[in-house]
Amino acid sequence: MSATYNWAYRPGVANKYGITIPAGADNVRPAGYCYIALFGSDISGNGSRLLPYKTFAKAYSVCGTVSYIFGSGVYREIISDPIVICIGDGDVIFNGTQLTSMEMMTCYNIKFVNWTNSFSNLHWPLTDVTFENCVNCFGSMTSFGQASRSWKNVTINSCTGILRIGNTSGLMVGYQNQVTFYNCSNLGIIGDDVLNNNINMIFHSCNIWFDKASCLSYSLFFNCRFAFAGARPTLSTGFTYYGAIADLRAAHLIAFPALVTNFIGCSIADPKFNNPTIGDFSLRFDSPAKNLSYFGTYVGARSIAQGLRVRAIEGDGDFDFSTAVNCTIADDSIIPTDPNIDAIIETKTIENTLGRQIKSIPLQYFNADRNGQYVDSIPDLDIITKAAGDTLTIPASYLVEGGSISYNSATYTAGQRFTTVTGHTNFTTGTSGVVREILEAPQRHTIEMKLSDVQPFTTEAFNHFEPGITPTTNNLGDSRTGAIIRGNGDPAFVRGATVEFPVNSRFIKLRFTIRVNNLKP
């Protein structure tokens with residue numbers, strides 16, 4: 001079996017969500033699961049890792065209520081079955097522009113953008129999920145926190161229309177873990193909860209309305225305005241700003257005298273997000289949200305991280321302009337000067353002087369093409385070409401070189417790709433076209449990272465790493481401090497081996513490449 005798309009969640013191994021995808025052949029759909037990817041096909045796909053479907057509509061028509069794994073990219077479809085489970089493998093965006101009535105389901109690692117009047121049943125478990133620029137989508141959410149409906153690492157950014165947080169049956173006992181609300185104009189804290197139920201959240205630049213005696217505990221507020229009891233006030237009037245938690249607690253107590261122990265462990269302070277203007281809600285090292293959580297970790301945002309700043313003036317940002325090749329650099333923007341040539345740039349040295357282990361390398365809004373698919377990975381191609389009449393591997397993906405070819409009654413020109421199917425083992429050509437097998441499909445993006453415990457960098461090489469999962473290396477000599485031989489974005493990286501080690505070097509540099517001529521789905 002030839003290698004396939006570099007899915008992060010490996011078959012037969014429990015991923016970070018505790019989900020184990022059954023092991024099996026790459027071209028066979030695992031029981032209870034179905035793969036979907038932008039490079040897939042609704043015609044020749046079968047829902048396997050090697051042959052994913054291209055759309056959810058086709059996959060659902062065949063597979064029904066199973067768990068769906070989406071490869072990196074932007075999907076513009078409506079999912080109408082709340083029982084399915086959606087798992088994002090990479091950077092996955094569900095874009096609702098001009099779409100409505102998305103049915104909310106159990107989700108892992110999904111970003112919802114530009115939905116209106118949607119999410120009619122928003123009380124399913126969500127983990128590592130973001131909602132951005134959604135309008136009137138959350139009004140029917142009436143159970144935000146039962147044990148079977150918990151939210152963890154959820155961000156609601158720039159959403160309007162009332163979002164109800166609470167449970168009228170009083171069953172919420174602290175199942176919100178690291179939930180962030182940013183620039184939300186109308187939040188409603190509802191229900192009869194008198195326990196410490198709504199916990200571990202950050203509210204930044206929000207209007208918050210309490211209609212009943214509900215508690216918020218171990219949470220942080222900043223630049224928020226509040227209203228208590230009665231009808232929901234208008235956005236322009238009826239909300240009051242409080243600069244101290246004692247004043248907020250007193251105002252709530254006047255409205256609800258029976259609820260004496262409210263806002264336990266809460267504070268009013270700037271959470272110090274790294275860069276919320278681009279959707280980065282990770283916390284800086286000096287964030288007051290450190291150790292504020294009921295669980296003793298961080299409240300609201302995912303983890304403390306260092307964001308990379310792109311600025312037109314080199315001294316104001318984190319990129320080394322001397323390394324730039326074919327780059328036009330402006331504030332928050334790096335694009336290829338010549339759109340036909342790859343663009344490359346490296347960061348300045350990033351210090352990790354305490355040697356903390358790196359949890360993940362997030363990528364947001366970097367190197368996306370018109371379909372939202374990241375294009376900075378390197379395809380791994382077979383060194384041997386196949387000529388007309390040679391036997392092709394089935395199933396496998398091939399890249400056409402040198403001219404056009406004809407395969408299975410279809411014509412493919414140089415630079416195009418195709419997937420072989422049963423019954424068609426060879427191709428023909430009239431223009432000396434040849435094909436080369438794609439051993440590692442390029443849609444799974446990586447970045448390059450250079451590591452060292454001393455400065456300056458001298459002979460250290462860049463290695464490829466996958467963002468979104470914990471970066472690890474295969475080191476020389478089975479030693480954590482041995483020379484790095486490859487990162488976990490390298491197609492030859494060995495997962496689960498005794499030589500797999502985490503990254504906690506003191507000095508780090510990253511290199512980003514925008515590959516304009518990368519293979520397209």
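Predicted model, so just to flag it, every value in this text is computed and none were measured.

**Describing the overall build of the protein**
Now for step 1: Counting secondary structure elements, the protein contains 2 helices and 36 strands.
Now for step 2: Counting across all 521 residues of the protein, residues that qualify as buried make up 51%.
Now for step 3: Counted over contacts in the protein with a minimum sequence separation of 6, partners at least 24 positions apart contribute 49%.
Now for step 4: As presented, the protein carries roughly 21700 Å² of accessible surface, and 52% of it is formed by carbon and sulfur atoms.

**Here we look at the nonpolar core**
Now for step 1: Counting 55 residues, the largest nonpolar core has Tyr68, Phe70, Phe94, Phe112, Phe131 and Phe221 as the members making the most contacts within it.
Now for step 2: When neighbours within four sequence positions are excluded, phenylalanine 221 is seen to be in contact with Phe203, Ile208, Leu216, Phe226, Ile245, Leu248, Phe263, Cys266, Ser267, Ile268 and Ala269.

**Describing the pattern of salt bridges**
Now for step 1: Within the structure shown, the criterion is met by 10 salt bridges.
Now for step 2: For arginine 309, the salt bridge goes to aspartate 318, with nearest N and O atoms at 3.1 Å.
Now for step 3: Aspartate 318 sits in the buried class, given a relative accessible area of 11%.
Now for step 4: The shortest N-O distance in the salt bridge between glutamate 401 and arginine 436 comes to 2.9 Å. Taken as a pair, glutamate 401 in strand 26 (residues 397-401) and arginine 436 in strand 30 (residues 434-440) lie far apart in primary sequence, 35 residues in all.
Now for step 5: Overlapping salt bridges bring together Glu346, Glu448, Lys509 and Arg511 as one network.

**Considerations on the pairing of strand 1 (residues 33-36)**
Now for step 1: Alternating positions in strand 1 separate into two faces, Tyr33 and Tyr35 on one and Cys34 and Ile36 on the other, with burial throughout.
Now for step 2: Pairing of strand 1 with strand 2 (residues 67-75), which is carried by 4 bridges, proceeds in the parallel orientation. Each residue of the ladder has a partner; that of tyrosine 35, found in strand 2, is isoleucine 69.
Now for step 3: For the segment spanning strand 1, helix 1 (residues 56-63) and strand 2, crossover handedness is right-handed.

**Description of unusual backbone geometry**
Backbone geometry follows two general trends: most residues other than glycine have a negative phi, and most peptide bonds adopt the trans configuration.
Now for step 1: For the peptide bond that leads from glutamine 455 to proline 456, omega is 0°, which places it in the cis range.
Now for step 2: Looking at the element boundaries, proline 456 is found in the loop between strand 31 (447-452) and strand 32 (463-465).
Now for step 3: Even without glycine at this site, serine 158 takes up a positive phi of about 55°.
Now for step 4: Of note, asparagine 326 is a non-glycine position whose phi angle comes to about 60°, a positive value.
Now for step 5: Position of asparagine 326 among the secondary structure elements: in the loop between strand 20 (319-325) and strand 21 (327-330).
Now for step 6: Judged by its relative accessible area of 19%, asparagine 326 falls in the buried class.

**Quick word on the sheet that holds strand 34 (residues 484-487)**
Now for step 1: Taken in spatial order, the 3 strands of this open sheet run 34-33-35, and their pairing is antiparallel. The open sheet terminates on both sides in strands that have one partner only, identified here as strand 34 and strand 35 (500-502). Taken pair by pair, the neighbouring strands of this sheet meet at an average axis angle of 40°, ignoring direction.
Now for step 2: One ladder, built from 3 bridges, connects strand 33 (residues 472-475) with strand 34; its direction is antiparallel. Within strand 34, the position partnered with threonine 473 by the bridge is glycine 487.

**Things to note about the pairing of strand 2**
Now for step 1: For strand 2, the buried fraction is high: 9 of the 9 residues fall into the buried class.
Now for step 2: Alignment of strand 2 against strand 3 (residues 85-95), held across 8 bridges, turns out to be parallel. By the bridge assignment, serine 67 is partnered in strand 3 with isoleucine 85.

**With respect to the state of the cysteines**
Now for step 1: Tallying each qualifying case throughout the model produces 0 disulfides.
Now for step 2: Not engaged in a disulfide, the cysteine cysteine 34 finds its nearest cysteine sulfur in cysteine 63; these two sulfurs lie 3.7 Å apart.
Now for step 3: Taking relative accessible area as the criterion, cysteine 34 reaches 0% and is therefore assigned buried.
Now for step 4: Of all cysteine sulfurs in the structure, the one in cysteine 107 sits closest to cysteine 86, which takes part in no disulfide; the separation is 5.0 Å.

**Concerning helix 2 (residues 245-255)**
Now for step 1: All buried positions along helix 2 are accounted for by Ile245, Leu248, Ala251 and His252. Projected down its long axis, helix 2 carries its buried residues within an arc of 125°, all on one side.

**What to know about helix 1**
Now for step 1: Taken together, the buried positions of helix 1 are occupied by Phe56, Ala59 and Cys63. For helix 1, the angular spread of the buried residues around the axis is 65°, confining them to a single face.
Now for step 2: Buried positions along helix 1 lie against strand 1 and strand 2.
Now for step 3: At the exit of helix 1 stands glycine 64, carrying a positive phi of roughly 70°.

**Describing the side chain of threonine 472**
Now for step 1: Inspection of the secondary structure assignment puts threonine 472 in strand 33.
Now for step 2: Reaching out from threonine 472, the side chain makes a polar contact with the side chain of glutamate 500 at a distance of 3.2 Å.
Now for step 3: In contact with threonine 472, not counting residues within four places along its chain, are Phe465, Arg486, Gly487, Asn488, Phe493, Glu500, Phe501, Pro502 and Val503.

**A few points about the environment of threonine 470**
Now for step 1: Its location among the elements puts threonine 470 in the loop between strand 32 and strand 33.
Now for step 2: With a relative accessible area of 34%, threonine 470 lands in the partly exposed category.
Now for step 3: Sequence separation between threonine 470 and isoleucine 361 is 109 residues, and the spatial gap between their C-alpha atoms is 7.5 Å.
Now for step 4: Each residue touching threonine 470, except ones within four places of it in the same chain, is listed here: Gln357, Ile358, Lys359 and Asn488.

Cut-off values and rules
- Residues numbered from 1 in each chain as written.
- Predicted model: local features only at pLDDT ≥ 70, side-chain atom pairs only at ≥ 80, totals over all residues.
- Heavy atoms only, no water.
- Helix = DSSP H or I, 4+ residues; strand = E, 2+ residues; numbered from the N terminus.
- Buried < 20%, exposed > 50% of the residue type's maximum accessible area, 1.4 Å probe, protein only.
- Contact = heavy atoms within 4.5 Å.
- Areas by Shrake-Rupley, 256 points an atom, 1.4 Å probe, with all protein chains shown as cover.
- Core = buried A, V, L, I, M, F, W, Y, C linked by side-chain atoms within 4.5 Å.
- Salt bridge = Lys/Arg side-chain N within 4 Å of Asp/Glu carboxyl O.
- Pairing = 2+ DSSP bridges.
- Right-handed = clockwise from strand over helix to strand, strands pointing away.
- Axes fitted to C-alpha atoms, helices over the stretch in contact; angles between N-to-C directions.
- Disulfide = S-S within 2.5 Å.
- Arc of directions from axis to C-beta.
- Polar contact = N/O pair within 3.5 Å; in protein donor to acceptor, adjacent residues only side chain to side chain.

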